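# Survey of secondary and tertiary structure
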Amino acid sequence: VADEAAILERLRSAGGRVTGARRAVVAALLAADDHVTADDLAATVQAADPEIHLSTVYRTLDALERLGVVDHVHLGHGRAVYHLADDPHQHLVCEECGVVIEAPHDLFAEVAERVQATYRFRLRPHHFAVLGRCEDCVRRAAE
Ligand SMILES: [Zn+2]
Ligand SMILES: [Zn+2]
Ligand SMILES: [Zn+2]
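Residues numbered from 1 in each chain as written. Chains lettered and ligands numbered in written order. Predicted model: local features only at pLDDT ≥ 70, side-chain atom pairs only at ≥ 80, totals over all residues. Heavy atoms only, no water.

## Thoughts on unusual backbone geometry
At Arg120, a residue that is not glycine, the phi angle is positive and equals roughly 50 degrees. By the element assignment, Arg120 lies in the loop between α5 (109-119) and β5 (130-132). (Helix = DSSP H or I, 4+ residues; strand = E, 2+ residues; numbered from the N terminus.)

This is the structure we're talking about:
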């Protein structure tokens, strides 16, 4: 669903209205890099149309998330970023320099199985990043 017309069609068929503001949010989302915050999107949208409010951006993202078009992840300290849900992946974030390493979606599959078997708990590891130290920062600390 990575094109604008298909995404707008999904909003419409779910009973949502496709307003100019929603259209602008979807366009900004598609044009953005991976990992944009709602504030980043709002800044892009507001550069084109200052009338569009941050709350509209959040509501549109919520609607798109309910439809499974976008997904959010917290990269650290609660900061949520959005990306299109058709490219699921895991995030490894360095606590020192903030670099984000993208890893395959099934990275924690074995852990998830053990957690399910032992605790009857279903992990959604892609909702939060896993924090640690990248190789550069480990090397720098050792110098
Ligand atoms: Zn990502
Ligand atoms: Zn969340
Ligand atoms: Zn680092």
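There's more to say after this.
## Focus: the coordination of the zinc ion (ligand 1)
Every protein donor of the zinc ion (ligand 1) is listed here as His35 (NE2), His89 (NE2) and His91 (NE2), and their distances to the metal cover 1.9 to 2.0 Å. Sequence spacing of the donor residues for the zinc ion (ligand 1), all on one chain, is H-x53-H-x1-H. Each member of the pair, His89 as well as His91, carries the same accessibility label: buried. (Donors = N, O, S within 2.8 Å, 3.2 Å for Na, K, Ca; no water. Buried < 20%, exposed > 50% of the residue type's maximum accessible area, 1.4 Å probe, protein only.)

## Examining the coordination of the zinc ion (ligand 2)
Only His72 (NE2), His74 (NE2) and His127 (NE2) from the protein coordinate the zinc ion (ligand 2), and they sit 2.1 Å from it. Motif for the zinc ion (ligand 2), donor spacing along one chain: H-x1-H-x52-H.

## Description of the nonpolar core
Ranked by size, the top nonpolar core spans 21 residues in total, and within it Leu29, Leu41, Val57, Leu61 and Leu64 carry the most contacts. At the level of elements, α1 (4-13), α2 (20-31), α3 (38-48) and α4 (54-66) are the ones that each hand at least two residues to this core. Examining the composition of this core, we find that five residues originate from one element, α2, more than from any other. If near-sequence neighbours (up to four positions away) are discounted, Leu29 is found in contact with Val36, Leu41, Leu61, Leu64, Val70, Tyr82 and Leu84. (Core = buried A, V, L, I, M, F, W, Y, C linked by side-chain atoms within 4.5 Å. Contact = heavy atoms within 4.5 Å.)

The quantities given are spatial measurements derived from coordinates; they are silent on function.
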